[in-house]
Amino acid sequence: MLRFLVKRLLSAILVLLAVSVLSFLMFFALPRDPVTAMCPKNCDAQRLERVRQELGLSDPLYQQYVGYMKGIFVGRDLNSAQGGHCDAPCLGYSYVNSEPVTHTLTRVLPVTLSIVIPAAVLWFGLGVGLGMTSALRRGTLLDRLAIGFSLTGASLQLYFVGAVLLLVFSYTLHVVPVPHYTSILVDPLRWADGLVLAWVTLAFLFCAIYARLSRAQMVETLSEDFVRTARAKGLPRSTVYGRHALRAAITPLITIAGMDVGAALGGTVVTETTFGLQGLGRTAWDAVREGDLPTIMATVLIAAVFIVVANIVVDVLYAAIDPRVRLR
Amino acid sequence: MRLRTAAAGGAVLALALTLSACTKNTGQHDTAGNTRTSTGVIDTNPKDSLGPAAEVPDARKGGTFYVLKQAKISHLDPQRIYSFVGLMTAPLYSRSLTTWKDDGKGHLTLVGDLATTPGTDVNKDCKTWQFTIKDGLKFEDGTAITAKDIAYGIARSFDPDLTGGPTYLQEWLANTPQFDTAWHFTPKAAALPPGLTAPDDKTLRFEFKMPHCDLPFAASLPSSAPLEPDKDTGVNLDSQPLSSGPYRVTKNVPGVELDLERNQYWDPATDPVRHQYPDKFVFSFGPDRDAANNRMISDSGPDQSALAWDDVPSSLMARVVGDTNLHDQVLTSPTPSEARLSINVQRVTDLSVRQALNYAIDRSDLIKTLGGPTVASPVTTLMPPGTIGYQQYDAYPAGDTGDIAKAKQLLAGKTPELVLGSADDSVDLEIATQLKNNLEKAGFKITVKPIPEDSKLDETKEKNNPWDLYVDNWAADWPSGASILPPLFDGRKIQDSGNSDTSYVDDPAIDSEFDRVLALDPAKQGPEWAKLDQRIMKELAPAVPLYVDVRYELHGSKAGGLFIGSVFGYPAFTNAFVKA
């Protein structure tokens, strides 16, 4: 187990390094000059050149990269236009936001976490529950309803469902307030009531996939020999389904859930835009639109971290859930 | 649809802006009146620079006024403000040397804000200007505002770290566009740039090497806001500016929320334009245009006292225009932001061809393409209506839909092949296609060449660009012909790149007229600019004036006192209040 973790962590670090190098190169391949973000108006060539010198943008690429990476681990000194010293983890300074990128991230990350984690619990629970139930009640009305429901969800788009729910429940019926973000530490009730629409929308769309997948998995598992053996031994149905079949059926779902949550944490651009919430996804999108390179770079890195971490968690969960899996 | 450009314009386009008025009714409900022509002057009577500002009818104190906007305000530091939303919000927490008294109906006068008058031209040569600072002015910390604090504010705009703001004062003082190398700013120090002095706490003097008669106008921008040297936090002032106005920043979560609450040290007796009606202003960033305007239509809870800053999107326009219940919530007015079809006179050298373009243009169809009268309003002049001294004229009268026969007659059988450069986004390409179809009816052969949206502005500003025609926008920083015609048509300013004279007009006779008018008392320049506008169009026809943007916004049923500011064409908050 320990050996596995060390191995996975090492490879994760390699992946992240590769991502950092790639995104850093992208920084320079983009058709945007970072200097123009500093000086959007009334800037002539001479002035731009001075700004470029001052920001160290004429230094060799590797030198800039080393400076950037050093900033993440031990902090670095930026010039006065970038607010002076920048504490670790320093991800650079955004001229568009007029603040260190780390400040932006610490503000928007909780928003994305607050949207994704409860929504994921909801979509996973609901999806797997629906899927299992319909697998066990195959061919019944309940099964058909569940399949229909999940088909509907799987074929709809978030920006559509979100807009309809907003229009009906928020703008017209006024049952839920217009989506907003309040920290859970400040007021858990307001936190929940500002995000509930986003959770429900995400859960409805995602649970569809999980319901269909878990139904298929369960149906397949139920026809396996070990299930027949367990039944033949005379175990109660609940033990057969709950302990034997479910554990086997759920492992592939965990993989998918891990990927989904990782990707969602990396940026729920559409969700955040639909509900007007300023999370990581919106921030990344704004940064791309405004050519805010330090912020783009940071969001890319964070998204990569989430996906890598989610994958490690999934692998560990595998071992915990499925006794056949041994981590080496 | 066109509003996208207007919204982006403030922060990104390399243009300054101008004032507007209007020539045409802009929809069902026109809160601004339908003929809005500026009668603006500089008011040198000190009495008119005093407060308190006249009470707004039915206004009451109290409540929270909300503003919903998708994107954050790029800068709050007065020396760095240049976006429209920044320029409209700044007056709440920041005062400048001069300011505009604006009734939202075109009555526009420049008065002193921190200064007792809009400045004295000491030797009548526009080179030496003196301002006397009012008594009773205080920062939010209770400290008195002196001439030295205003001088310090101007000095810090020389700091190369503090980019983004206008550069008029710096360039005029340093007498070079490279002002930040001409004089080095030291934070918190008492040193002032060359030509700027504060001999005592009540006197501020500008001494320029060249005449700058527009100084009273330039001093109305937030970049002349005061700052105590000890309170200068450099780039961090952007998140927490020091207030000199009726409100102060009490909470600022960039990109999410900005709260402004009453500043107890602001004295209404010193202020000719501002009020302090709501207890609080809350700017809420994030909701997109559709969401924000849907909330205005829904009109419930706190949204009743809110303004959706971003214009009504085309998806909701029909519904808003058609719903009579919503008409009291509509805020609409033409703006000073004008679009023209620039003709590159280096390439289109034949005057009759340029005149034929002017006759052929079908503004009515163009405006339909843009989304109708709630989005744009036609113009035939180079200066937008509402510029001081504006006179309506049409050098090439061809009606709303153009005079194809007249254009053909001028072309006399020729079929000029012209290249129309257009930004490659969908809206601009739609306009380009409309123009192509329109102009080809008169016999022109138009080739539309898409230019990547990001680089279109830079490329058309290059002297040797390969296009004959392109649509340009201009919005001036103050409503004077001086900030419109010389930047757009002075041939002596043409460089290899970065040109505002994108028609590349280079006519010595016109240039000497510019010099003559610029040397006049700014209060007397108005009619001269109007004459020159007409002369340029008649003699040179370097562009086809197309339209001005129309603002069309929604607010909640309890949001009162709003009007579209005449100078920048965006909602003004100085009179805002929350209805009971």
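The rules we used
Residues numbered from 1 in each chain as written. Chains lettered and ligands numbered in written order. Predicted model: local features only at pLDDT ≥ 70, side-chain atom pairs only at ≥ 80, totals over all residues. Helix = DSSP H or I, 4+ residues; strand = E, 2+ residues; numbered from the N terminus. Rg over C-alpha atoms; globule rule 2.2 N^0.38 Å. Contact = placed C-beta atoms within 7 Å. Pairing = 2+ DSSP bridges. Axes fitted to C-alpha atoms, helices over the stretch in contact; angles between N-to-C directions. Buried ≥ 20, exposed ≤ 12 C-beta atoms within 10 Å, placed from the backbone. Nonpolar A, V, L, I, M, F, W, Y, C, P; charged D, E, K, R; others polar. Arc of directions from axis to C-beta. UniProt positions renumbered as here; feature names shortened; annotations may be inferred. Parallel < 35°, antiparallel > 145°, perpendicular 65-115°, else oblique. Left-handed = near helix turned anticlockwise from the far one by under 90°. pLDDT = per-residue confidence, 0-100.

K.L.:
Just checking my understanding: could you explain the overall build of chain B for this structure?
P.N.:
The helix and strand tally for chain B stands at 16 helices and 22 strands. Computed over the C-alpha atoms, the radius of gyration of chain B is 23 Å, within 12% of the 25 Å expected from 2.2 N^0.38 for a compact globule of 580 residues. By principal-axis analysis of the C-alpha atoms, chain B measures approximately 75 × 55 × 40 Å. When contacts within chain B are restricted to residue pairs at least 6 apart in sequence, long-range pairs at least 24 apart make up 76% of them.

K.L.:
I would appreciate a short explanation of the overall build of chain A in the present structure.
P.N.:
Summing up its helical and strand segments, chain A has 13 helices and four strands in all. Projected onto its principal axes, the C-alpha coordinates of chain A cover approximately 85 × 55 × 35 Å. Summarising the internal contacts of chain A: among those between residues at least 6 apart in sequence, 64% fall at separations of at least 24.

K.L.:
Is there a simple way to think about the sheet that holds strand β11 (residues 280–285) of chain B in this case?
P.N.:
Consider a sheet: its strands pair through backbone hydrogen bonds, and that pairing is either parallel or antiparallel. Residues and elements named next belong to chain B. Taken together, five strands build an open sheet; the order of strands is β9-β10-β11-β2-β12 and the sheet is mixed. At either margin of the open sheet sits one strand with a lone partner, and together these are β9 (247–253) and β12 (306–308). Within the sheet, the average angular offset between the axes of one strand and its neighbour, ignoring direction, is 15°. Of the strand pairs in this sheet, strand β2 (residues 64–69) and β12 are connected by three bridges, and their pairing is parallel. In the sheet register, V67 faces β12, and the bridge partner there is L307.

K.L.:
How should I be thinking about the sheet that holds strand β4 (residues 108–112) of chain B in this particular structure?
P.N.:
Residues and elements named next belong to chain B. Reading across the sheet, the three strands line up as β1-β4-β3 and stay open at both edges, with mixed pairing between neighbours. For this open sheet the edge positions go to β1 (41–42) and β3 (98–102), each flanked by a neighbour on one side alone. Both β1 and β4 contribute to a ladder of two bridges, which runs parallel. Of the residues in β4, the one forming a bridge with I42 is L110.

K.L.:
Which parts of the structure should I look at to understand unusual backbone geometry?
P.N.:
Peptide bonds are trans in most cases, and residues, glycine excluded, mostly fall at negative phi. The step from A:A88 to A:P89 runs through a cis peptide bond, and the omega angle for that step is -5°. Along the chain, A:P89 turns up in the loop between β2 (85–86) and β3 (93–94). The residue after B:G51, namely B:P52, is reached through a cis peptide bond having omega -10°. Mapped onto the elements, B:P52 comes out in the loop between β1 and β2. With a phi close to 65°, B:C126 is a non-glycine residue in the positive phi region. Residue placement: B:C126 occurs in the loop between β5 (120–121) and β6 (128–132). For B:C126, a count of 20 C-beta atoms within 10 Å corresponds to the buried category.

K.L.:
Can you help me understand the interface of chain B and chain A in this one?
P.N.:
Where the parts come together, the accessible area they lose is often given as the size of the interface. With 32 residues of chain B at the contact, the number on the chain A side is 24 residues. Here the side of chain B that touches chain A takes four residues from helix α7 (residues 289–298) of chain B, the largest share from any one element. Per-class residue counts for the side of chain B that touches chain A are 13 nonpolar, 14 polar and five charged.

K.L.:
Please explain helix α11 (residues 404–411) of chain B as it appears in this structure.
P.N.:
Side chains that are three or four residues apart share a direction in an α-helix, a result of its 3.6 residues per turn. Residues and elements named next belong to chain B. Within α11 the residues assigned to the buried category are A407, L410 and L411. Down the axis, α11 shows its buried residues gathered within 100° of arc, on one side only. Each element contacted by the buried residues of α11 is listed here: α9 (351–360). Note on α11: the residue one or two positions beyond its end, A412, has a positive phi of about 45°.

K.L.:
Where do I start with the UniProt feature "transmembrane region" (unreviewed entry) in chain A in this structure?
P.N.:
All names here are of chain A. Within the UniProt annotation, "transmembrane region" (unreviewed entry) is assigned to residues 9–30, 108–133, 145–171, 191–211, 245–265 and 296–321. Along residues 145–171 the backbone is 93% helical and 0% strand, and the end-to-end C-alpha distance reaches 30 Å. As annotated, residues 191–211 comprises 100% helix and 0% strand, and the C-alpha atoms at either end are separated by 28 Å.

K.L.:
Is there a simple way to explain the packing of α9(B) against α11(B) in this structure?
P.N.:
Pairs of packed helices are described in terms of their axes, by the angle between the two and the distance that separates them. Residues and elements named next belong to chain B. At a closest axis distance of 8 Å, the pairing of α9 and α11 adopts a crossing angle of 170°. The angle between the axes of α9 and α11 places the two elements in the roughly antiparallel class. Between α9, through S352, V353, Q355, A356, Y359 and A360, and α11, the contact on the second element is made entirely by I404, K406, A407, L410 and L411.

K.L.:
What exactly am I supposed to notice about the environment of B:Y168 here?
P.N.:
Looking at the secondary structure, you find B:Y168 in helix α4 (residues 168–174). C-alpha of B:Y168 to C-alpha of B:S422: the two residues are 254 residues apart in sequence and 30 Å apart in space.

K.L.:
It is not clear to me how the pairing of strand β10 (residues 257–262) of chain B should be interpreted in this structure. Could you clarify?
P.N.:
For a regular strand, side-chain orientation follows a simple rule: the groups alternate between the two sheet faces. Residues and elements named next belong to chain B. The pairing of β9 with β10 spans six bridges and is classified as antiparallel. Across the sheet, the residue bridging to V249 is L260, located in β10. Connecting β9 to the antiparallel partner β10 that follows it, the hairpin turn spans three residues, and G255 within it adopts a positive phi of roughly 80°.

K.L.:
Got a minute to help me understand the packing of helix α10 (residues 363–370) of chain B against helix α12 (residues 426–440) of chain B in this structure?
P.N.:
All names here are of chain B. Two numbers describe how α10 lies on α12: the axes approach to 10 Å, and their chain directions differ by 155°. In terms of orientation, α10 and α12 fall into the roughly antiparallel class. The hand of the α10/α12 crossing is right-handed. Contacts from D365, L366 and T369 in α10 reach E430, I431, Q434 and N438 in α12. When its residues are assigned to classes, the contact of α10 with α12 shows two nonpolar, three polar and two charged.

K.L.:
What's the story with the pairing of β4(B) in this structure? I'm lost.
P.N.:
Residue and element names in this part refer to chain B. Counting buried residues along β4, five of its five residues qualify, which places the element largely inside the surrounding structure. Because side chains alternate across β4, one face comprises the buried residues L108, L110 and G112, and the other comprises T109 and V111, equally buried. Bridge analysis of β3 against β4 gives five bridges, and the strand direction is antiparallel. By the bridge assignment, K101 is partnered in β4 with T109.

K.L.:
Hey, could you run me through the environment of B:F65 in this one?
P.N.:
Residue and element names in this part refer to chain B. With respect to the element layout, F65 can be found in strand β2. Distance from F65 to F139, taken between C-alpha atoms, is 23 Å for residues 74 residues apart in sequence. Apart from residues no more than four positions distant in its own chain, F65 is found in contact with P278, F281, S305, A559, A576 and V578.

K.L.:
Looking at this structure, I do not really get the environment of B:D303. What am I missing?
P.N.:
Residues and elements named next belong to chain B. Note on placement: D303 falls in the loop between α7 and β12. Judged by local crowding, D303 falls into the buried class, with 25 C-beta atoms found within 10 Å. Remark: the alpha-carbon pair of D303 and S364, spanning 61 residues in sequence, is separated by 36 Å. With sequence-adjacent residues up to four places away left out, D303 is seen in contact with R295, M296, S298 and G556.

K.L.:
Please explain the confidence of the model for chain B as it appears in this structure.
P.N.:
Low-confidence regions, as indicated by low pLDDT, have predicted coordinates that should not be scrutinised in detail. Residues and elements named next belong to chain B. Predicted confidence across chain B gives a mean pLDDT of 90, with 93% of residues reaching 70 or more. Within chain B, the element-level pLDDT minimum falls on helix α1 (residues 3–9), averaging 34, and the maximum on strand β22 (residues 577–578), averaging 98. Ignoring residues within four places in sequence, the model shows residues 1–35, a span with pLDDT below 50, making 127 contacts including any to other chains. With a pTM of 0.86, the predicted complex shows an ipTM of 0.79.

K.L.:
How should I be thinking about helix α3 (residues 147–156) of chain B in this particular structure?
P.N.:
Residue and element names in this part refer to chain B. Most of α3 is tucked away, with 10 of its 10 residues classed as buried. All buried positions along α3 are accounted for by A147, K148, D149, I150, A151, Y152, G153, I154, A155 and R156. The secondary structure elements touched by the buried residues of α3 are α4, β7 (196–200) and β8 (203–207).

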